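Letter by letter, the chains look like this.
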Amino acid sequence: MNIINSERLFLEAQKFIPGGVNSPVRAFKSVGGTPLFIKKGEGSKFYDVDQNEFIDYIGSWGPHLFGHNPEFIKTALLESIEKGVSFGAPTEIEIKMAELITELVPSVEMVRMVNSGTEATMSAVRVARGYTGREKFIKFEGCYHGHADHFLIKAGSGALTLGVPTSPGVTKGNAADTLLAKFNDIESVKELIDANKDEIAAIIIEPIAGNMGVIKSEDKFLKELRTLCDKEGIVLIFDEVMTGFRVARGGAQEVLGVKPDLSTFGKIIGGGLPVGAFGGKKEIMNQIAPAGPVYQAGTLSGNPLAMSAGYAALTKIKEDSDLYPSLEVKAVYLEKGMKENLAKLGKNYAMNRIGSMSCMFFTENAVDNFDKATQSDTELYGKYFHEMLKRGVYLAPAQYEAMFISTAHTIEDLDKTISAHYESLKVIL
Ligand code: HOZ
């Protein structure tokens, strides 16, 4: 595969951008090699600056439910851009968006728009602290909630992949208020609550984790978490930045049947544009300025371009009754093909899938928590990644991420991926 232009751009990029990228996972550090610079995307595919074509399974890390650059989002954006790109003053579409989100996710009674998932999670914890008058919060090992200081303690995603789950630059003071529990282990939560009686403002969790590979929280565990929060006056926050509108119309909370007090969302609600949001119970959300005293603000929050693209995406999500069933059919097809490959090769690698989000771990043990996820052979994943790339399939350049399918993926794409999977594994095993 010729990647001469990507190599040139990467050298150039490193002169002006730390590590040559604007977000660490993109640098291919954990899989080795040169990151590919992407020129354009269309449907299920994207193309790099050397004219290589790839079936893309990261879809901008989840938001591209309908593939790259769908016509209806492009149209909405073009109509919006005619009227101006940013006002820093309220617009009508912000109300329509908020109303639509509350309709699709019943636990969300009010919502505040922000610009990224990181902003959403950090603001949700702040409002939980303001609401309860408490300072500490619990997060789970391997869950990633963006890069605000207090979340970078045993975090997943790039922080885990690059070996800095707890980042330098995070103060001891910040770290002290972050309590760490074990995913799918309710006893670890109870111990923290007992040891910090009446001091815990919030528990934040990815109910379907997507940043240590894909791991679903167990039904009993999540229900007990809800009960504990009710009993102890703790705000339960579901980080649905990846899963919201992705695993189901109502997100992971719909799939798992547990309602949080607050939810956070990310780029998917902007049709892939830079957006985030947090929302939930009115009583809590009304603590936010200017309704209440908890400060939170941003010029680009509710930006008209992002709202237009997002409103188009969410309207399609609302109206297309075939959307999730058809994604499920494709995801099952791919999963079945990959499992058959593994059987032919005599391997029993853990494969986790919820709807159109999935992950194959290079370990034969079932993966239901962080410790088991980290038993994965990440070196082997790196080799697998490059073999897939050579065969025209672009996966996440790190083991601890998810694979996303869109409506644009065709059966032909999936067949090509299944045979690339078989050939790649045959070469590296
Ligand atoms: N943290 C993102 C994956 N979970 C990666 C973001 C990016 O590089 O775009």
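A few points on the structure.

Cut-offs used in this document
- Residues numbered from 1 in each chain as written.
- Predicted model: local features only at pLDDT ≥ 70, side-chain atom pairs only at ≥ 80, totals over all residues.
- Heavy atoms only, no water.
- Salt bridge = Lys/Arg side-chain N within 4 Å of Asp/Glu carboxyl O.
- Helix = DSSP H or I, 4+ residues; strand = E, 2+ residues; numbered from the N terminus.
- Buried < 20%, exposed > 50% of the residue type's maximum accessible area, 1.4 Å probe, protein only.
- Phe/Tyr/Trp six-rings, centres within 6.5 Å; stacked < 30°, edge-to-face > 60°.
- Lys NZ or Arg CZ within 6 Å of the ring centre and 35° of its normal.
- Near = heavy atom within 4 Å.
- Polar contact = N/O pair within 3.5 Å; in protein donor to acceptor, adjacent residues only side chain to side chain.
- Nonpolar A, V, L, I, M, F, W, Y, C, P; charged D, E, K, R; others polar.
- Expected span 1.5 Å × (residues − 1).
- Pairing = 2+ DSSP bridges.

1. Brief notes about the pattern of salt bridges
Evaluation of the coordinates by the stated rule reveals 23 salt bridges. Between Glu199 and Lys136 there is a salt bridge, with its nearest N and O atoms 3.4 Å apart. Within this pair, whereas Glu199 is found in the loop between helix 7 (186-195) and strand 7 (200-205), its partner Lys136 is found in strand 5 (residues 136-140), the two being separated by 63 residues in sequence. Using a relative accessible area of 34% as the deciding quantity, one classes Glu199 as partly exposed. On the basis of relative accessible area, Lys136 is assigned to the buried category, the value being 17%. When the shortest N-O distance is used, the salt bridge between Lys216 and Asp219 registers 3.7 Å. Given a relative accessible area of 36%, Lys216 falls into the partly exposed group.

2. Remarks on the packing of aromatic side chains
Scanning the model with the defined rule gives 16 aromatic pairs in all. Centroid distance Phe137 to Phe151: 5.6 Å. Interplanar angle 75°. Geometry classified as edge-to-face. Residue Phe137 is found in strand 5, and its partner Phe151 is found in the loop between strand 5 and helix 5 (157-161); the two are separated by 14 residues along the sequence. Of the aromatic side chains, those joined through ring pairs into one cluster are Phe28, Phe46, Phe54, Phe385 and Tyr394. It is Lys40 that lies over the ring of Tyr47; its NZ or CZ is 5.4 Å from the centre.

3. Describing the site of the ligand
Taken together, 8 residues lie around the ligand, and Ser23, Arg26, Trp61, Asn211 and Glu401 are the ones closest in. The contact in question runs from an oxygen atom of the ligand to an N or O atom on the side chain of Trp61, over 3.0 Å. A distance of 2.8 Å separates a nitrogen atom of the ligand from a polar atom in the side chain of Asn211. Class assignment for the residues of the shell around the ligand results in 3 nonpolar, 3 polar and 2 charged.

4. Quick word on unusual backbone geometry
Note: most residues except glycine have negative phi, and most peptide bonds are trans. In this model, Ala289 is joined to Pro290 through a cis peptide bond whose omega is 5°. Within the secondary structure layout, Pro290 lies in the loop between helix 10 (282-285) and helix 11 (304-319). A positive phi angle, close to 70°, is found at Gln51, a residue other than glycine. Along the chain, Gln51 turns up in the loop between strand 2 (45-48) and strand 3 (53-56). One non-glycine residue, Ser60, lies in positive phi territory at about 55°. Within the fold, Ser60 resides in the loop between strand 3 and helix 2 (71-81). Ser60 sits in the partly exposed class, given a relative accessible area of 31%.

5. A closer look at helix 14 (residues 378-390)
An ideal rise of 1.5 Å per residue puts 18 Å on 13 residues; helix 14 measures up with 19 Å between its terminal C-alpha atoms. Looking only at helix 14, the buried set comprises Leu380, Tyr381, Gly382, Tyr384, Phe385, Glu387, Met388 and Leu389. You can read the cap of helix 14 off the contacts: a side-chain oxygen lies 3.2 Å from the backbone nitrogen of Glu379, and it is on Asp377. At the C-terminal side of helix 14, Gly392 shows a positive phi close to 85°.

6. Side note on the pairing of strand 10 (residues 235-239)
Of all 5 residues in strand 10, 5 are buried; the element is thus mostly enclosed. Covered by surrounding structure in strand 10 are Val235, Ile237 and Asp239 together with Leu236 and Phe238, the residues of both alternating faces. The sheet contact formed by strand 7 and strand 10 spans 4 bridges and is parallel. Bridged to Ala202 within strand 10 is Val235. In this sheet, strand 11 (residues 262-265) lies alongside strand 10 in parallel orientation, the contact comprising 3 bridges. Residue pairing in the sheet places Asp239 in a bridge with Thr264 of strand 11.

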